Amino acid sequence: SVVGTVQDIATTSTGTSPTREQSYIFCKGAPEVIHEHLHTVPAAYNDIARKYMQSGKRVLALAYKPIKHAEQVARLPRSVIERDLLFAGFLVFDCDLKADSKGVMKELTSSNHRVVMITGDSIYTACNVAKRLAMTDTAKGTLVLVPVESDGGKQLVWRKLDTDVTANAREK
């Protein structure tokens, strides 16, 4: 989180410029993380984020909230600071594959190397990259292992990637 102050300068008919200041908390993060901190979640929030991630984009959610006393923020716990945020939008990055990535992957698999991907990207972005690198069999579809809350706690369950695995993870 970042604290920022915005100044609004208005010119009056006498030519003076009174200044109004407003301080804000600004946050960015994975859409599924920011989702949990929003005061109100837009209706299409999950669908839009998933659409971009499934097309291989890196997506950050942006949020903010006005605050009255910026100097007191340092003394507040993070859980209080990042509560009831207002959604500002998504920041979407297009990160193309390196030119030689497909060739390297082909060489590795043809020489009987087992290739795996470890990433901090969303599952949707990672699976799109894996598909573009021919790491997955597109005819069979892609299964992902997701935690699902149940009466006895969390369980790991295989889900088809063409469903909303984040929504399924919240099923009871």
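For the structure itself, consult the block above.
Here we summarise the structure given alongside this text. Quick caveat: nothing in here was measured; it's all calculated off a predicted structure. (Residues numbered from 1 in each chain as written. Predicted model: local features only at pLDDT ≥ 70, side-chain atom pairs only at ≥ 80, totals over all residues. Heavy atoms only, no water.)

Our next topic: the pairing of strand β3 (residues 58-67). Burial along β3 is one-sided: the face carrying Val59, Ala61, Ala63, Lys65 and Ile67 is buried and the face carrying Arg58, Leu60, Leu62, Tyr64 and Pro66 is not. The sheet contact formed by β3 and strand β4 (residues 86-93) spans seven bridges and is antiparallel. The residue of β4 that forms the bridge with Ala61 is Phe90. (Buried < 20%, exposed > 50% of the residue type's maximum accessible area, 1.4 Å probe, protein only. Helix = DSSP H or I, 4+ residues; strand = E, 2+ residues; numbered from the N terminus. Pairing = 2+ DSSP bridges.)

Before going further, it helps to examine the pairing of strand β5 (residues 143-150). Pairing of β5 with strand β6 (residues 153-160) involves eight bridges; the strand directions are antiparallel. Bridged to Ser150 within β6 is Gly153. Here β5 folds back onto β6 in antiparallel fashion, the turn holding two residues.

Further remarks concern unusual backbone geometry. Unlike most non-glycine residues, Asp84 shows phi in positive territory, near 60 degrees. Among the secondary structure elements, Asp84 is positioned in the loop between α3 (78-81) and β4. Positioned with a positive phi, Ala134 is a non-glycine residue whose angle comes to about 60 degrees. Relative to the helices and strands, Ala134 resides in the loop between α5 (123-132) and β5. Overall, Ala134 belongs to the exposed group, its relative accessible area being 60%.

A word on the nonpolar core. By size, the foremost hydrophobic cluster in this structure holds 11 residues: Ile25, Cys27, Ile34, Leu38, Tyr45, Ala61, Ala63, Ile67, Val73, Ile81 and Leu85. Those elements giving two or more residues to this core turn out to be β2 (19-29) and β3. Of all the elements, β3 adds the most residues to this core, at three residues. In terms of nonpolar packing, the next biggest core, distinct from the first, is built from nine residues, Tyr124, Cys127, Val146 and Val148 among them. (Core = buried A, V, L, I, M, F, W, Y, C linked by side-chain atoms within 4.5 Å.)

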